[in-house]
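Descriptive analysis of the structure
One letter stands for each residue in the lines below.
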Amino acid sequence: MFIINLTYKTDLEKIDHYLDEHIVFLNEQYESGIFLASGRKVPRTGGIILSGASSKTELEKIIEKDPFKKNDLADYELIEFIPSKSCEELSFLIE
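What counts, and at which threshold
- Residues numbered from 1 in each chain as written.
- Predicted model: local features only at pLDDT ≥ 70, side-chain atom pairs only at ≥ 80, totals over all residues.
- Heavy atoms only, no water.
- Helix = DSSP H or I, 4+ residues; strand = E, 2+ residues; numbered from the N terminus.
- Rg over C-alpha atoms; globule rule 2.2 N^0.38 Å.
- Buried < 20%, exposed > 50% of the residue type's maximum accessible area, 1.4 Å probe, protein only.
- Contact = heavy atoms within 4.5 Å.
- Areas by Shrake-Rupley, 256 points an atom, 1.4 Å probe, with all protein chains shown as cover.
- Lys, Arg positive; Asp, Glu negative; His and termini not counted.
- Charge placed at Lys NZ, Arg CZ, Asp CG, Glu CD.
- Salt bridge = Lys/Arg side-chain N within 4 Å of Asp/Glu carboxyl O.
- Core = buried A, V, L, I, M, F, W, Y, C linked by side-chain atoms within 4.5 Å.
- Phe/Tyr/Trp six-rings, centres within 6.5 Å; stacked < 30°, edge-to-face > 60°.

Another point: the overall build of the chain. Regarding its fold elements, the chain presents four helices and four strands. Sequence-ordered secondary structure for the chain, helices as α and strands as β, is β-α-α-β-β-α-α-β. For 95 residues, the compact-globule formula gives about 12 Å, and the C-alpha radius of gyration of the chain, at 14 Å, lands near that figure. C-alpha extents for the chain along the principal axes are approximately 40 × 25 × 20 Å. Within the chain, the fraction of its 95 residues that count as buried is 34%. Long-range pairs, those at least 24 residues apart, make up 65% of the contacts in the chain with a sequence separation of at least 6. If you sum the accessible surface of the chain, you get close to 6,200 Å²; carbon and sulfur atoms cover 52% of it. Charge centroids of the chain, computed over 11 positive and 18 negative side chains, lie 4 Å from each other.

If you walk through the whole model with that rule in mind, you get three salt bridges. Here Asp75 makes a salt bridge to Lys9, at a shortest N to O gap of 3.5 Å. Separated by 66 residues along the polypeptide, Asp75 in strand 4 (residues 74-80) and Lys9 in the loop between strand 1 (2-8) and helix 1 (12-17) bring together distant segments of the chain. You can call Asp75 partly exposed: its relative accessible area is 42%.

Within the element layout of this structure, His22 appears in helix 2 (residues 19-31). Residue contacts for His22: discarding those within four places in its chain leaves Leu6, Asp66, Pro67 and Phe68.

This paragraph deals with the nonpolar core. For soluble globular proteins, nonpolar side chains are generally found buried alongside one another. Judged by nonpolar contacts, the single largest core of 20 residues is most densely connected at Ile4, Leu6, Phe35, Leu59, Phe68 and Tyr76. Counting only elements with at least two residues in this core, the list comes to strand 1, helix 2, helix 3 (56-63) and strand 4. Beyond its immediate stretch of four places on either side in the chain, Leu6 contacts His22, Lys41, Thr45, Gly46, Gly47, Ile49, Asp66, Phe68, Ala74, Asp75 and Tyr76.

Our next topic: the environment of Gly39. Position of Gly39 among the secondary structure elements: in strand 2 (residues 35-40). Given a relative accessible area of 38%, Gly39 falls into the partly exposed group. Sequence separation between Gly39 and Lys69 is 30 residues, and the spatial gap between their C-alpha atoms is 16 Å. Among residues more than four places away in sequence, those in contact with Gly39 are Gly47 and Ile48.

A few words now on the packing of aromatic side chains. Inspection of the entire model under this criterion finds three aromatic pairs. An angle of 85° between the planes, with centres 5.9 Å apart, marks the rings of Tyr8 and Phe68 as edge-to-face. In this pair, Tyr8 sits in strand 1 while Phe68 sits in helix 4 (residues 67-70), placing the two residues 60 residues apart along the sequence. Linked through ring pairs, Phe25, Tyr30 and Phe35 together constitute an aromatic cluster.

It is worth stressing that arrangement in space is one thing and function is another; only the former is reported here.
What follows is the structure, encoded as structure tokens:
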């Protein structure tokens, strides 16, 4: 399991220019089962994605397809963790 911490490197006008393409990318990853949740940070300085990717290498390859990455608009921090406790609704995350 991974937390992807995106931090914008540019102004929101440039981010918004690529936002629709980024949403298409997110939707593709949701359909493939790789992404589990995502959203904007508050304040809007980036975003967070929860991913069930099987490896960091796999996730890095996927992130390369993100328009925010392709256009050098955001930095990506990948945090790997092993869920050991959850609410009942998220119990499928426990290995």
